[in-house]
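Now for the letters of each chain:
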Amino acid sequence: MALTQQEIDAFNQVKSSVAAIQAQYDAVCVEIATTENQLSDFPLLPVPIADLKAAILDFVDARGQAYLAEYIRPSIQQFATNQMAGGSVDLHSIGKPILFRDLENAINGVSGASSNAQLITAFDKFQFNDLALYAFFGALVKAGLTSAMAGMVDADFGYDGLLPEQIGTDRVTRRAAIQAAQDTLSALQVSKSALADNLRQLGVVVKG
């Protein structure tokens, strides 16, 4: 049985819709691949040298605060709750506030008390940790590092021989670009999913 003109027009209309949606779908897939490549590339270039120097100082602040939280505050808590006195402590007192007597003994260095408590260097460290300096004397450490870096040349930081295009943007700009690319990628993935659903409704098998 021959198709009517109306059926032929309807078929052509569907065919045209499929082609248009497929073109949009393919374009979105290309954009997704491009954006994913951008997200992979963004972290790989070094920052400008001025921002590298700033990052070194930021490292002191960030790691110093982390050290306070991870080691020093727990050490203070352990000292204050009878967890640093070794075998001389009454087991029933562990976790409770240290007594006046034990405080006096610790301060006066009485054997068996908490007089050897390590409040700054973590108990499992056998050498002093620079992070303790960052935690307590961060401003002084940063001043010293700033002075040291003032006498250093680009080559000391590995920037000698790098072309301008081999150096990326600063950290603030880079973070913003990464966030924007992530937002774009999320929107593209939503669009891809919607277009794929439209194609399936028209009987097209969608891969990927």
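Details of the structure are given in the entry above.
Residues numbered from 1 in each chain as written. Predicted model: local features only at pLDDT ≥ 70, side-chain atom pairs only at ≥ 80, totals over all residues. Heavy atoms only, no water.

## Focus: unusual backbone geometry
Its identity is not glycine, yet asparagine 82 carries a phi of approximately 65°, on the positive side. Along the polypeptide, asparagine 82 turns up in the loop between helix 2 (49-80) and helix 3 (100-107). Using a relative accessible area of 5% as the deciding quantity, one classes asparagine 82 as buried. (Helix = DSSP H or I, 4+ residues; strand = E, 2+ residues; numbered from the N terminus. Buried < 20%, exposed > 50% of the residue type's maximum accessible area, 1.4 Å probe, protein only.)

## Focus: helix 2
Look at helix 2: 45 Å from first C-alpha to last across 32 residues, which is about the 46 Å you get at 1.5 Å a residue. Tucked inside the fold, the buried residues of helix 2 contact helix 3, helix 4 (130-150) and helix 5 (171-201). Of the residues trailing helix 2, asparagine 82 is marked for its positive phi of about 65°. (Expected span 1.5 Å × (residues − 1). Contact = heavy atoms within 4.5 Å.)

## Some thoughts on a nonpolar patch on the surface
On the surface, a nonpolar cluster with roughly 750 Å² of combined accessible area is contributed by Ile76, Leu119, Ile120, Phe128, Leu133, Phe136, Phe137 and Leu140. Turning to its location among the elements, phenylalanine 128 is positioned in the loop between helix 3 and helix 4. Owing to a relative accessible area of 48%, phenylalanine 128 belongs among the partly exposed residues under this scheme. (Patch = residues over 30% accessible without salt bridge, like charges linked within 9 Å, V, L, I, M, F, W, Y side chains within 5 Å. Areas by Shrake-Rupley, 256 points an atom, 1.4 Å probe, with all protein chains shown as cover. Salt bridge = Lys/Arg side-chain N within 4 Å of Asp/Glu carboxyl O.)

## Quick look at the nonpolar core
Ranked by size, the top nonpolar core spans 12 residues in total: Val18, Ile21, Tyr25, Val28, Ile32, Leu185, Leu188, Leu195, Ala196, Leu199, Val204 and Val206. Breaking this core down by element, the ones donating at least two residues are helix 1 (5-41) and helix 5. Those residues in contact with leucine 185, other than ones at most four positions away along the chain, are Ile32, Thr35, Glu36 and Leu39. Counting 10 residues, the second largest nonpolar core, distinct from the first, contains Val60, Ala132, Ala135 and Val141. (Core = buried A, V, L, I, M, F, W, Y, C linked by side-chain atoms within 4.5 Å.)

## Examining the environment of serine 93
Structurally, serine 93 can be placed in the loop between helix 2 and helix 3. You can call serine 93 buried: its relative accessible area is 19%. Spatially, the C-alpha atoms of serine 93 and asparagine 82 are 6.6 Å apart, while their sequence positions differ by 11 residues. Leaving out residues up to four positions away in the same chain, serine 93 has contacts with Thr81 and Asn82.

## Here we look at the pattern of salt bridges
Tallied over the full model, the rule gives five salt bridges. Between aspartate 51 and arginine 171 there is a salt bridge; the shortest N-O distance is 3.0 Å. Of this pair, aspartate 51 sits in helix 2 while arginine 171 sits in helix 5; the two residues are 120 residues apart in sequence, bridging distant segments of the chain. Summarising the burial analysis for this pair, aspartate 51 and arginine 171 share the class buried. Here arginine 200 and aspartate 197 are joined by a salt bridge, their closest N and O atoms 3.3 Å apart. Of this pair, arginine 200 and aspartate 197 both sit in helix 5, separated by three residues, roughly a single helical turn. For arginine 200, a relative accessible area of 42% translates into the label partly exposed. Salt bridges sharing common partners tie together Asp51, Asp58 and Arg171.

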